[in-house]
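Secondary and tertiary structure notes
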Amino acid sequence: MVFWIFGYGSLVWNPGFDYDEKFIGYIKDYRRVFDLACIDHRGTPEHPARTCTLDESKGSICWGAAYCVRGGPEKEKKAMEYLERRECEYDSKTLVDFFTEENSLHPALTGVIVFTSTPDKVNNKYYLGPAPLEEMARQIATASGPCGNNREYIFKMEKALYDIGHEDDYIIELANEVRKVLGIVGSFPKEKKLLGPSQIPLRSHISPVKIRPLPEAIAAAAADS
């Protein structure tokens, strides 16, 4: 038994669960946006933080990390229960293809799970939607919650993408706008990257792996959450 999770937000630098493998890569036709509210980690109901979600965008790619969990139903159930609690603002799970080679037509993995949110303010209470850059920056610069402040989240996101060698212009622009609101001069101080074992991508000769749908035990846990 095995399942894969794609992380594109804080899971990139802080997965928080027991996994067996991690690979750097991307998914197609999605882009990373700060359109989702967080009211229990880095924000509050009165002053929600802005965190990452995915927006469907034909032709776009979103780089991140895929994590493999294997070892039987109990281990998989424990990992999924943790993710369900942590990603509670996301109202759906989507199965996607995962690529490791740039401009590749053939995925390295299929059926990878990714937490997504419905872009509907009526049916999804956590969906904030897009806003002017300056407005988002002010919200991120001032929001905080039990797990820390919102600005730390975007700065860590910026650094994590730099560390895996795939910076996101949208994140850089938003992070710099947050610095402007905070009166911070300059941008993220870039250092020479060292490629660690966890950042080695899948070798191109590995055949695509078909991932089965969620096992019954995990599906039941998701439904009960």
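Structural data are supplied above this passage.
Keep in mind it's a predicted model, so treat the numbers as computed, not measured.

Conventions we followed
Residues numbered from 1 in each chain as written. Predicted model: local features only at pLDDT ≥ 70, side-chain atom pairs only at ≥ 80, totals over all residues. Heavy atoms only, no water. Helix = DSSP H or I, 4+ residues; strand = E, 2+ residues; numbered from the N terminus. Buried < 20%, exposed > 50% of the residue type's maximum accessible area, 1.4 Å probe, protein only. Contact = heavy atoms within 4.5 Å. Areas by Shrake-Rupley, 256 points an atom, 1.4 Å probe, with all protein chains shown as cover. Phe/Tyr/Trp six-rings, centres within 6.5 Å; stacked < 30°, edge-to-face > 60°. Lys NZ or Arg CZ within 6 Å of the ring centre and 35° of its normal. Salt bridge = Lys/Arg side-chain N within 4 Å of Asp/Glu carboxyl O. Disulfide = S-S within 2.5 Å. Axes fitted to C-alpha atoms, helices over the stretch in contact; angles between N-to-C directions. Parallel < 35°, antiparallel > 145°, perpendicular 65-115°, else oblique. Nonpolar A, V, L, I, M, F, W, Y, C, P; charged D, E, K, R; others polar. Pairing = 2+ DSSP bridges. Polar contact = N/O pair within 3.5 Å; in protein donor to acceptor, adjacent residues only side chain to side chain. Left-handed = near helix turned anticlockwise from the far one by under 90°.

On to the overall build of the protein. Along its length, the protein carries five helices and eight strands. Across the protein, helices and strands are ordered from the amino to the carboxyl terminus as β-β-β-α-β-β-α-β-β-α-α-β-α. Counting over 225 residues, the protein shows a buried share of 48%. Once local pairs closer than 6 in sequence are excluded, the contacts in the protein between residues at least 24 apart make up 75%. For the protein, the accessible surface area stands at approximately 11600 Å², while carbon and sulfur atoms represent 51% of it.

Moving on, we get to the packing of aromatic side chains. In this structure the tally under the stated criterion is twelve aromatic pairs. A ring pair is formed by Y26 and W63, whose centres lie 4.8 Å apart and whose planes are at 50 degrees; its orientation type is tilted. Of the two residues, Y26 sits in strand β2 (residues 21-38) while W63 sits in strand β3 (residues 49-70), which places them 37 residues apart along the sequence. One exposure class covers both Y26 and W63, and it is buried. Each residue in the set F6, Y8, Y90 and F98 is aromatic and connected to the rest through ring pairs, giving one cluster. Of note, K28 hangs over the ring of F99, and the distance from its end group to the ring centre comes to 4.2 Å.

As a further point, take the pattern of salt bridges. This model, assessed by the stated rule, comprises 14 salt bridges. With a closest N to O distance of 2.9 Å, D20 and K75 form a salt bridge. On the criterion of sequence distance, the pair formed by D20 in the loop between β1 (2-7) and β2 and K75 in helix α1 (residues 73-86) is long-range, its members being 55 residues apart. Residue class for K75 comes out partly exposed when judged on its relative accessible area of 23%. R31 is the salt-bridge partner of D55, the closest N and O atoms lying 3.2 Å from each other. With D55 in strand β3 and R31 in strand β2, this residue pair connects regions lying 24 residues apart in the sequence. Given a relative accessible area of 26%, D55 falls into the partly exposed group.

Turning our attention to the state of the cysteines. Counting across every chain of the model gives zero disulfides. Between C88, a free cysteine, and C38, which holds the nearest cysteine sulfur, the sulfur-to-sulfur gap is 7.5 Å.

This part covers the packing of helix α2 (residues 133-142) against helix α3 (residues 150-163). Relative orientation of the contacting elements α2 and α3 amounts to 110 degrees, with a least axis distance of 5 Å. Viewed along their axes, α2 and α3 adopt a mutual orientation that is roughly perpendicular. For the pair α2 and α3, contact is made by Q139, I140 and A141 and by N150, R151 and I154, respectively. For the contact of α2 with α3, the per-class residue count stands at three nonpolar, two polar and one charged.

This part is about the pairing of strand β5 (residues 109-116). Extensive coverage of β5 is indicated by the burial of eight of its eight residues. Pairing of strand β4 (residues 92-98) with β5, which is carried by six bridges, proceeds in the antiparallel orientation. Paired with V96 across the strands is V112, a residue of β5.

Here we take up unusual backbone geometry. At D29, a residue that is not glycine, the phi angle is positive and equals roughly 65 degrees. Note that D29 resides in strand β2. We classify D29 as partly exposed; its relative accessible area is 29%. Its identity as a non-glycine residue notwithstanding, N103 has a phi of 60 degrees, on the positive side. With respect to the element layout, N103 can be found in the loop between β4 and β5.

Turning our attention to the side chain of T53. As for its position among the elements, T53 is in strand β3. A distance of 2.5 Å separates the side chain of T53 from the side chain of S117, its partner in a polar contact. Non-local contacts of T53, meaning those with residues more than four positions away in its chain, are made with Y8, R31, R32, V33, D35, L36, Y90 and S117.

Right, let's talk about the packing of α2 against helix α4 (residues 169-182) for a bit. For the pair α2 and α4, the least separation of the axes is 8 Å and the interaxial angle reads 65 degrees. When the axes of α2 and α4 are compared, the crossing they make is right-handed. Touching L133, E134, M136, A137, R138, I140 and A141 of α2 are Y170, E173, L174, E177, V178, V181 and L182, all from α4. Along the lines of polarity and charge, the residues of the contact of α2 with α4 split into ten nonpolar, no polar and four charged.

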